[in-house]
Amino acid sequence: MSDLKTFRTETRDWLEENCPADMRDGEKSEAASCWGGRKWQFSTEGQRLWLERMGKKGWTVPTWPKEYGGGGLSKEQAVVLQQEMDAVGARKPHENFGITMLGPALLKFGSEEQKREHLTRVSRGEIRWCQGYSEPGAGSDLASLQTKAEDAGDHYIVNGQKIWTSYADQADWIFCLVRTDSEAPKHRGISFILFDMESEGVTTRPIKLISGSSPFCETFFDNVKVPKENLVHVENSGWDVAKYLLTHEREMIGSLFGGMTGGRSLGEIAASEIGIDDKGWVDDPLLRAKLVQAEIDSMAFSTLLQSVSDRASAGESLGAVSSVLKYYGTELNKRRHELLMEVGGSDELEMSERNQDGQRARNWLRTKGNSIEGGTSEVQLQIIAKHILQMPGA
Amino acid sequence: MPLVLNDDQQMLRDAASGYLAENASINSFRELRDSDNSDGFSHQLWQEMASMGWAGILVPEEFGGSGFGHVGAGLIAQEMGKHLTASPFMATAVLAATGLLDLGSQAQKEQHLTAIAAGKSLFALAIDEARKHAPEKTMLQAVRSGNGFQLTGRKSFVADGGVADHFIVAARTTGKPGDHDGITLFLVPADAENLTCEKTPMVDSRNVARLEFDGVLVTADAVLGEVDDGMSGLNAILDAGRACLAAEMSGSAEQAFAMTLSYINERKQFGVPVGSFQALQHRAAHLHTEIEMAKAVTLAALQALDAREESAWKTVAIAKAKVAQVAILAAQEGTQMHGGMGMTDAFDIGLYLKRVRVAAELFGDASFHGNRLAEQLGF
Ligand SMILES: Cc1cc2nc3c(=O)[nH]c(=O)nc-3n(C[C@H](O)[C@H](O)[C@H](O)COP(=O)(O)OP(=O)(O)OC[C@H]3O[C@@H](n4cnc5c(N)ncnc54)[C@H](O)[C@@H]3O)c2cc1C
């Protein structure tokens, strides 16, 4: 315990000294994040320094082993680090699908060389990753994917198309599901491979979203050469890696939605925007009832997150519980954003300089994808029915 | 009254449906959105609509209208809701026509109703001043000045505010914000001195504006209805608009659902149409039930207005609240059931998601009308 105390003091001092002033505004939005990688343009010198300093300590990925660029912290220490970062309003130094998705999969399935090479570069923010799972014909039925990798001796030749590849146009490398055996049952002919998006034959075409921005792409592979050492795990056993990665992705997506909106409860936002009546209540009883229900659900959900995380620390494997978190967290987040739109009323339906070009409305539209990305809500419910409840026919 | 359409009404609906499908479909809306047309609608189309009698749908024949009543207006709005047609229909043909008919002097009627029916004049109703609909909280001041009034204050969320040549403006002549009494309606020309209009881009890409009145002078004959007693007349105008919006949203809900249904019946995963999964079938069946209800309450509200029933306000409030909820649900479920496709601008479902959110907010969302019902019914 006293070790943890020392760690806390040292961490606090280190943060005090090293966290740049402009990285202490508690900002958590996707747009304000530092995604790293070869193409990254730092928004400020502070953002660059923050990534560099945290990367050097391995605190961009605090619990990863030191030999792969991590901080080598215990779960308890990582919690302390997070608490101390929150206390000074420190931003996350680095977002990367390499941290939340690829990392856990490589730690479990990657070869020693793969871990050393790829994890280390992720920890320093040098390589930004994208996820090549979905295809036009393979969404919920991911295992029916058709992108082909043909054996050409020391390398594969990859042909096919992915879709909805988030940030493919800005990413440096892709972790990609490909079919290496078209005769085998669909789950048993899939391999998990890694390659550079600058490889010859890779093209991306951004897709415009309902929110007006274009964060995801159609991604095309035309005779792309991928060295065999970039195969993760065993050929034709990629589905195991893919599924394991998905549990982490789902847990990550679910965990984003514990509560509070920019540090304020829905009730506080409503009181300040709509106003209060003589009793000090939000001046709209029906809306107020919906707001308090959402807060109750958010607090209950945060508690569930905590309990799952404690169980994981105690060694329990995540598995299908990630579907519980993913399902509820995303549906709750959609509800909260619907409520924020109700609270905002006509002012937030406008898209002008008055409201950062309709930032709230754009966020609201973006949340509609939460219950689709990483497997739809319907798919999560099906997994719960099948793997947790083991219902007949599920 | 039976909740069915008579022959004339059915003919009107079929004509509207055919005309809009051909001339004002979703693709025309996309073109408007993506072009530089800052008016947000096609003037030429509005002229054609006027010549078909739509601009004068509520206006009696003596003023050049087609006198079809609220059910007729609702049928057109419903078809427009299906196609997401952008037009001055609600603000001019429904809101302004209702206000002038109910409250206008003979001179006002003669001047404006004829022009409205001919498609020559566009109106907008300027009510709200804050983010949530609350007509009784009107603050914009009208102070007596000479033989008229001087108006000072702000209005926002003024549908068609950017294209109107006249505004119907709710102003406070006595009392304080929140008082039912003390509100007066004024007819103000858009080119009045000291009146500025700022077009505000909206999430649904429709024409809305903010207005600033910086001591706008109007004469006494600009008053619409009675001084200090504008609220009841305003409620009638708003109810006509709410019923019209309910009709529009019920059309949008129906169309969003139809698109979704055809998508899930086509889209295959696991070797079968995703529409074959019971998880989606039951939700589709539920939506169908909700939409049937939405259509029924919409027609009831429109008929109640035509019959000038005492309790029309209640039927309208129920319609506006219920249909808004149903339309939002239809757009949300539609987006979810389209999977990744639903998130793309290339698919139409997102356009419905945006439009129904705005239509739901305009003239009171479901909570507003729910609170009002609870208050008036005493629980
Ligand atoms: C914002 C966003 C970001 C994304 N980022 C990435 C990315 O980086 N990389 C990547 O590979 N993919 C990404 N995706 C794709 C995502 O994983 C797929 O969209 C998702 O898996 C659904 O597939 P689909 O779009 O083909 O929908 P479909 O599978 O066609 O589903 C259509 C509808 O049918 C329902 N349905 C399907 N099967 C069943 C069933 N058995 N029972 C009941 N209902 C069913 C679905 O729930 C959905 O409502 C992203 C998606 C979004 C929205």
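Residues numbered from 1 in each chain as written. Chains lettered and ligands numbered in written order. Predicted model: local features only at pLDDT ≥ 70, side-chain atom pairs only at ≥ 80, totals over all residues. Heavy atoms only, no water.

> Describe in detail the overall build of chain A, supporting the description with residues and values.
Within chain A, the secondary structure is distributed over eleven helices and eight strands. Taking 394 residues into account, the globule formula puts the C-alpha radius of gyration at 21 Å, and chain A, at 22 Å, falls close to it. Overall, the C-alpha framework of chain A stretches about 80 × 50 × 45 Å when taken along its three principal axes. Residues classed as buried in chain A amount to 52% of the 394 residues present. The contacts in chain A between residues at least 6 apart in sequence include a share of 70% that link residues at least 24 apart. Total accessible area on chain A is roughly 18100 Å²; 51% of this is exposed by carbon and sulfur atoms. Looking at chain A, you have 47 positive and 59 negative side-chain charges, and the mean spots of the two groups are 2 Å apart. (Helix = DSSP H or I, 4+ residues; strand = E, 2+ residues; numbered from the N terminus. Rg over C-alpha atoms; globule rule 2.2 N^0.38 Å. Buried < 20%, exposed > 50% of the residue type's maximum accessible area, 1.4 Å probe, protein only. Contact = heavy atoms within 4.5 Å. Areas by Shrake-Rupley, 256 points an atom, 1.4 Å probe, with all protein chains shown as cover. Lys, Arg positive; Asp, Glu negative; His and termini not counted. Charge placed at Lys NZ, Arg CZ, Asp CG, Glu CD.)

> Explain the environment of Lys295(B) to me, and be specific about the residues and the numbers.
All names here are of chain B. Following the sequence through the fold, Lys295 ends up in helix H8 (residues 278-306). Each C-alpha atom, one on Lys295 and one on Asp7, is 18 Å from the other, the two residues being 288 residues apart in sequence. Polar contacts involving the side chain of Lys295 include one to the side chain of Glu254, which spans 3.3 Å. (Polar contact = N/O pair within 3.5 Å; in protein donor to acceptor, adjacent residues only side chain to side chain.)

> Tell me what's going on with the interface of chain A and chain B, and back it up with residues and numbers.
One frequently used descriptor of interface size is the decrease in accessible area upon assembly of the parts. Each side of the interface is counted separately: chain A has 47 residues, and chain B has 40 residues. Of the roughly 3700 Å² buried where chain A meets chain B, counting both sides, 56% is carbon and sulfur surface. Remark: the boundary between chain A and chain B carries nine salt bridges. Arg210(B) is the partner of Asp347(A) in a salt bridge, and the nearest nitrogen-oxygen pair spans 3.3 Å. (Buried area = accessible area lost by both parts, 1.4 Å probe. Salt bridge = Lys/Arg side-chain N within 4 Å of Asp/Glu carboxyl O.)

> Give me the lowdown on the packing of aromatic side chains, citing residues and values where you can.
Under the definition given, this model contains 18 aromatic pairs over all chains. Summarising the aromatic geometry, the rings of Trp14(A) and Trp59(A) are spaced 5.2 Å apart at their centres and angled 70 degrees between planes, so their arrangement reads as edge-to-face. You can see Trp14(A) sitting in helix H1 (residues 2-18) and its partner Trp59(A) sitting in the loop between helix H2 (45-57) and helix H3 (75-87), a full 45 residues away along the chain. Looking at Trp14(A), the relative accessible area reads 18%, which means it is buried. With a centroid separation of 6.0 Å and 80 degrees between ring planes, the pair formed by Phe270(B) and Phe277(B) is classed as edge-to-face. Under the relative-accessibility criterion, Phe270(B) is labelled partly exposed at 41%. Clustering of aromatic rings is evident, with ring pairs tying together Trp129(A), Tyr133(A), Trp173(A), Phe175(A) and Phe192(A). Against the face of Trp59(A) rests Lys57(A), its NZ or CZ located 4.8 Å from the ring centre. (Phe/Tyr/Trp six-rings, centres within 6.5 Å; stacked < 30°, edge-to-face > 60°. Lys NZ or Arg CZ within 6 Å of the ring centre and 35° of its normal.)

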